[in-house]
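Now for the letters of each chain:
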Amino acid sequence: MSLNPAQRAAVEHLDGPLLVLAGAGSGKTRVVTEKLAWLVARGFPPGELLAITFTNKAAREMRERAAARLRGDAEALTISTFHALGLRLLQAEARFAGLRPGFTVLDADDSLKALKELAPAGISPDNLYWLRQTVSTLKNAGMDPAQALQAAAGPRELQAAELYGAYQKRMTAWNAVDFDDLIRLPLAALESDESLRGRWQRRWRYLMVDEYQDTNGAQYRLLKALAGERGAFTAVGDDDQSIYAWRGADPANLARLAQDWPALRIVKLEQNYRCAGRILRAANALIANNPRPHPKTLWSALPDGPPIRVLACRDNEHEAQRVVAELVGRRQSSGCRWSDCAVLYRGNHQARALEQALRLAAIPYQIAGGDSLFDCAEVRDALAYLRLVANPSDDGAFLRIVNVPRREIGATTLERLGELAGRVNLSLAQAAGQDAALAALPARASAGLAAFEQQLGQWRRRAASEPADTLLARILDEVDYAGHIERSDKNPDQRQRRLRNLDALRQILAGFARHGRGGLAELTQAVSLLSERDQADQDAVRLMTVHSAKGLEFRNVAIVGLEDGTFPHDAAQDEGRVDEERRLFYVALTRAKEWLLLSHSLRRRRYGSIEACTPSRFLDELPAAELHREGEDPERDADHSRALARNHLDRLAALLGD
DNA sequence: ACGATTTTCAGCATC
DNA sequence: TGAAAATCGT
């Protein structure tokens, strides 16, 4: 299949900066991979091409597509998330950021803990939340603590700036950075040092940025610093799919491109290769209600497809049952797999009713999103052990596991140890290895600490020769972590799950170790950036929020909970936020390739009480001619019950057959 | 210091 | 409604 004219123009434009406004399903990933291939064909060494994405998943997918297209050349490409790129810069230029090699990358949880300790005692959660948000905003504006202090406009801002300073001081002491620093510190280094900037600008001769509309201020400046005057880059994005403003994404970065590079060329990709004609017309009509600086009209050469149906249901249980019944019917009539079906919703809690209905119907399902492997306490504990082995100054890791499993080292001991460590400018783990510090503590406490320190020393010696996964297994065994799980968790299923999680982590580490390069420090740094969810390729209906469906496509899509207050969400009252809700609904609609089902209920249980609700205003923005609105239909429900029963019997027969 | 009970609160979620 | 945090009672 060849490229269409717009795609070709995007691929072959080399003369100056390019912004590709890629509509939903317009073959954006294809353009990116083709462009990489084209650049290589034009004589760009693959090692000097850089493609930036936002998620590890997107990076992995792009790497796969590039490998399929470019074969061996793909290995030399740099395909990386913004944060992994920042980490790479920071590892290479650690001293510019005042870091020692082998620094730690703290995840959100650990950095919050640090912040909490530095905030005034007894601070209200609201205030803490605000402070954390503000510190993060300051960092994403590229400000350092001194600049933040200068810019502080009121007493609250001043408090935030002071907290930022204390926090950053602690991070330096820990030889640690947080996620925001992975952008901010390389950016500060590049912006302040011209020769450094020149060096990195020469390192990559051409840049590609995916999902450009999701960039925040700091990411934009990083891109600008790397691209430099010559503007050798292609940014690919879709302003109509900008749904992360609440997370700091700044759509104004689109306009900023044209300001900073007047030679910017804009190419629109408007042919959609994904959605049936009807679905696309509905999506176009909806998004036309938004203010749009670069209006696009998507068109599709695909057939119209089946009608788009709108179900009015009694309540959300009824809604879930009807949607599930429709999926059963759709599967039977179209012969699709369960995994061709997705049910999308606005908020995670809406999954519950669907889950119940699917379980009742014995249909396999898979809930995407939610908790990743790296959110589990046991995995975080295990990583903390490795971090501490790799980096004795990692106080965060030390505090996390010094008493897990129990070593009779309580808060009082740690406070004393902290004091002593601070006085001689050592980390907690280092202080625990000093006789002088130990002598100042009660005998029982110092004995426990000394024993722990000794164990650490042994692991550290092992770490030189042993791969991380075996080392981890050894550590967990020696501290009897299994026993700790046994004691702390009463539920046997939970215990099983925890052990499995640890095993999964070990396999990930083994995978990393097999790929070779890097010591334990590099490895723990890299792992802390992962948040991969194991997406087994099972044949199951996908349940997910619209946000997590972005970038995906399914033959059959149901969107539930289309009620005012749910979608658009209550909290999006002011117009600007309704626009983003509308884009979100636009994203939801354009996930569907063939079949689209929309549903809303007339009553909804909300915070315990039941209330009546009206259909989403977005439904009225869709062209009525493309919709089949259906109320309750007892006859159809009866049909569906029969279909469900048949489905049960089929499954039973299949089970017995095996 | 811990487990049981009461109160509170409610969005999406990347690295 | 239900989960998580806060508080109570030992």
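Keep in mind the model is a prediction, meaning the values are calculated, not measured.

1. Thoughts on the packing of helix 4 (residues 82-92) against helix 11 (residues 217-227)
- One can describe the packing of helix 4 onto helix 11 by two numbers: an axis separation of 12 Å at closest approach and a directional angle of 55°. Of the possible angle classes, the one that applies to helix 4 and helix 11 is oblique. Helix 11 is crossed by helix 4, and the crossing has left-handed handedness. Seen from helix 4, the contacting residues are Phe 82, His 83, Leu 85 and Leu 89; seen from helix 11, they are Gln 219, Leu 222 and Leu 226.

2. Some points on the protein's contact with DNA strand C
- Taken together, Pro 125, Arg 352, Arg 605, Tyr 607 and Gly 608 make up the full set of residues adjacent to DNA strand C.
- Expressed as a percentage, the sugar and phosphate content of the atoms of DNA strand C within 4 Å of the protein is 43%.
- For DNA strand C, a base oxygen lies 3.4 Å from a polar atom in the backbone of Tyr 607.
- Tallied by class, the residues present in the surface near DNA strand C amount to two nonpolar, one polar and two charged.

3. Some details on the packing of helix 16 (residues 377-390) against helix 21 (residues 443-463)
- Two numbers describe how helix 16 lies on helix 21: the axes approach to 9 Å, and their chain directions differ by 80°. The angle between the axes of helix 16 and helix 21 places the two elements in the roughly perpendicular class. Listed contacts from helix 21 to Tyr 385, Leu 388 and Val 389 of helix 16 are Phe 452, Leu 456, Trp 459, Arg 460 and Ala 463.
- Residue classes in the contact of helix 16 with helix 21 are distributed as seven nonpolar, no polar and one charged.

4. Considerations on the sheet that holds strand 2 (residues 49-53)
- Taken in spatial order, the six strands of this open sheet run 3-2-6-7-1-8, and their pairing is parallel. Two strands lie at the open edges of the sheet, namely strand 3 (78-81) and strand 8 (265-269), each paired on one side alone. Strand-to-strand twist in this sheet, taken as the mean axis angle between neighbours without regard to direction, amounts to 15°.
- Relative to strand 3, strand 2 runs parallel, the two being bridged by four bridges. Residue pairing for strand 3: Thr 53 is matched across the bridge by Thr 81.
- Relative to strand 3, helix 3 (residues 56-70) is tilted by about 165°, and along the sheet it contacts strand 2 and strand 3.

5. Thoughts on the nonpolar core
- Counting residues in each nonpolar core, the largest one holds 46 residues, and the members touching the most others are Phe 398, Leu 417, Leu 449, Phe 452 and Trp 459.
- A per-element tally of this core places helix 16 first, with eight residues.
- Core analysis: the second largest hydrophobic core is formed by 40 residues, Leu 298, Val 310, Phe 567 and Ala 588 among them.

6. Quick word on the packing of aromatic side chains
- Within this structure, the stated rule accounts for 10 aromatic pairs.
- A centroid spacing of 6.2 Å and a plane angle of 80° characterise the contact between Phe 567 and Phe 618, whose relative ring orientation is edge-to-face. Here Phe 567, found in the loop between strand 15 (554-559) and helix 27 (575-589), pairs with Phe 618, found in helix 28 (residues 617-620); they are 51 residues apart in sequence, far enough to count as distant. Side by side, Phe 567 and Phe 618 carry an identical accessibility label, which is buried.
- Every member of this aromatic cluster is reached through a ring pair, and the members are Phe 567, Phe 585 and Phe 618.
- The positively charged end of Arg 247 is found above the aromatic ring belonging to Tyr 244, 3.7 Å away from the centroid.
- The ring of Trp 246 carries the charged tip of Arg 247 above its face, separated from the ring centre by 6.0 Å.

7. Observations concerning the side chain of Asp 238
- Inspection of the secondary structure puts Asp 238 in the loop between strand 7 (233-237) and helix 12 (252-260).
- Side chain to side chain, Asp 238 and Gln 241 meet in a polar contact 2.8 Å long.
- Of note is the side chain of Asp 238, whose polar atom sits 2.7 Å from the side chain of Lys 296.
- The contact partners of Asp 238, leaving out residues within four places of it in the chain, are Ala 22, Gly 23, Ala 24, Gln 213, Lys 296 and Tyr 586.

8. Some points on the pattern of salt bridges
- Summed over all chains, the structure comprises 47 salt bridges.
- One salt bridge connects Asp 239 with Lys 296, and the closest N-O pair in it is separated by 3.2 Å. Note that Asp 239 is positioned in the loop between strand 7 and helix 12 and Lys 296 in the loop between helix 13 (277-287) and strand 10 (299-300), a separation of 57 residues in sequence. Residue Asp 239 shares its accessibility class with Lys 296, and that shared class is buried.
- Residue Arg 330 is joined to Glu 594 by a salt bridge in which the shortest nitrogen-to-oxygen separation is 2.8 Å. Here Arg 330, found in helix 14 (residues 316-334), pairs with Glu 594, found in strand 16 (residues 592-601); they are 264 residues apart in sequence, far enough to count as distant.
- Through salt bridges with shared partners, a single ionic network connects Asp 107, Asp 109, Asp 110, Arg 380, Arg 387 and Asp 394.

Conventions adopted
Residues numbered from 1 in each chain as written. Chains lettered and ligands numbered in written order. Predicted model: local features only at pLDDT ≥ 70, side-chain atom pairs only at ≥ 80, totals over all residues. Heavy atoms only, no water. Axes fitted to C-alpha atoms, helices over the stretch in contact; angles between N-to-C directions. Helix = DSSP H or I, 4+ residues; strand = E, 2+ residues; numbered from the N terminus. Parallel < 35°, antiparallel > 145°, perpendicular 65-115°, else oblique. Left-handed = near helix turned anticlockwise from the far one by under 90°. Contact = heavy atoms within 4.5 Å. Near = heavy atom within 4 Å. Polar contact = N/O pair within 3.5 Å; in protein donor to acceptor, adjacent residues only side chain to side chain. Nonpolar A, V, L, I, M, F, W, Y, C, P; charged D, E, K, R; others polar. Pairing = 2+ DSSP bridges. Core = buried A, V, L, I, M, F, W, Y, C linked by side-chain atoms within 4.5 Å. Buried < 20%, exposed > 50% of the residue type's maximum accessible area, 1.4 Å probe, protein only. Phe/Tyr/Trp six-rings, centres within 6.5 Å; stacked < 30°, edge-to-face > 60°. Lys NZ or Arg CZ within 6 Å of the ring centre and 35° of its normal. Salt bridge = Lys/Arg side-chain N within 4 Å of Asp/Glu carboxyl O.

Remember that the coordinates give geometry; whether it matters functionally is a separate question.
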